[in-house]
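Observations on chain architecture
Letter by letter, the chains look like this.
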Amino acid sequence: MEFCPECGAMMLPKEGILKCNSCGHEKSLSNNNEYEVSRDIKESENVKVLGDESDVRPTTTEVCPECGNDKAYYEIKQTRSADEAPTRFFTCTECKYTWREYD
Ligand SMILES: [Zn+2]
Ligand SMILES: [Zn+2]
């Protein structure tokens, strides 16, 4: 958000410029050079993400009993005998706390 340098009121974008709500002071929006720079940064970030061998386990919406985070990795494990239902195990994406699903 931009504020007017003249009176400090909020400036609203209007037809390629920012115009002060209060005193009418006008300021041109950021030029094309700035746009190019931010695009370059985004592209180099993408390259970094592609090379990152981070955790690819699926996540699900599950509230962590430890920290309250609502995203957790999950995996399904068959426990004990085969006629028992497989148990889902969750690992909090934030604090790494691990718990199992209770029916
Ligand atoms: Zn103003
Ligand atoms: Zn947690």
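These numbers were taken from a predicted model, which means no experiment stands behind them. Along each chain, numbering runs from 1 in the same order as the chain's sequence is written. Each chain takes a letter, starting from A, and each ligand takes a number, starting from 1, following the order in which they are written. Thresholds applied to this predicted model are a pLDDT of at least 70 for local features of residues and 80 or more for the giving and counting of side-chain atom pairs; totals over whole chains, interfaces and linings are not thresholded and use all residues.

**With respect to the sheet that holds strand β6 (residues 72-77)**
For two strands to count as paired, DSSP must find a minimum of two bridges between them. What counts as a helix is a DSSP run of H or I of at least four residues, what counts as a strand is a run of E of at least two, and both are numbered from the N terminus. Taken together, the 4 strands give an open sheet; going across it, the order is β5-β6-β7-β8, and neighbouring strands pair in antiparallel fashion. For this open sheet the edge positions go to β5 (59-60) and β8 (98-100), each flanked by a neighbour on one side alone. Of the pairings in the sheet, the one linking β5 to β6 comprises 2 bridges and is antiparallel in character. Looking at the pairing, T60 lines up with A72 of β6.

**Focus on the environment of Y74**
Note on placement: Y74 falls in strand β6. Judged by the 14 C-beta atoms lying within 10 Å of it, Y74 falls in the partly exposed class. Spatially, the C-alpha atom of Y74 lies 9.7 Å from that of W99, the residues being 25 residues apart in sequence. Setting aside chain neighbours within four positions, we find Y74 in contact with P58, T60, R88, F89 and F90. To sort residues by exposure, count the other C-beta atoms lying within 10 Å of each residue's C-beta; 20 or more gives buried, 12 or fewer gives exposed, and values between give partly exposed, all with C-beta atoms placed from the backbone. Placing a C-beta atom from the backbone of each residue, one calls two residues in contact when those atoms lie within 7 Å.

**Describing the pairing of strand β7 (residues 87-92)**
Pairing of β6 with β7, which is carried by 6 bridges, proceeds in the antiparallel orientation. Looking at β7, one finds that I76 is bridged to R88. Pairing between β7 and β8: 3 bridges, direction antiparallel. Paired with F90 across the strands is W99, a residue of β8. Once β7 ends, the chain turns through 5 residues before running back antiparallel as β8, passing K96 with a positive phi of about 65°.

**A few points about the sheet that holds strand β2 (residues 10-14)**
Spatial strand order, β1-β2-β3-β4: 4 strands in an open sheet with antiparallel pairing. The open sheet has two free edges, formed respectively by β1 (2-3) and β4 (26-28), since each of these has just one partner strand. Strand direction decides the pairing type here: β1 and β2, joined by 2 bridges, are antiparallel. Note that in β2 the partner of E2 across the bridge is M11.

**Details of unusual backbone geometry**
In terms of backbone geometry, most residues other than glycine have negative phi values and most peptide bonds are trans. You will see that E15, though not glycine, has its phi angle at about 50°, which is positive. By the element assignment, E15 lies in the loop between β2 and β3 (17-20).

**Structural notes on the pairing of β3**
Bridge count between β2 and β3: 4 bridges; the pairing is antiparallel. Bridge pairing in β3 links K14 to I17. Joining the antiparallel neighbours β2 and β3 is a turn of 2 residues, in which E15 adopts a positive phi near 50°. Counting the residues that bridge the hairpin from β3 to β4 gives 5 residues, and of these G24 lies at a positive phi of roughly 85°.

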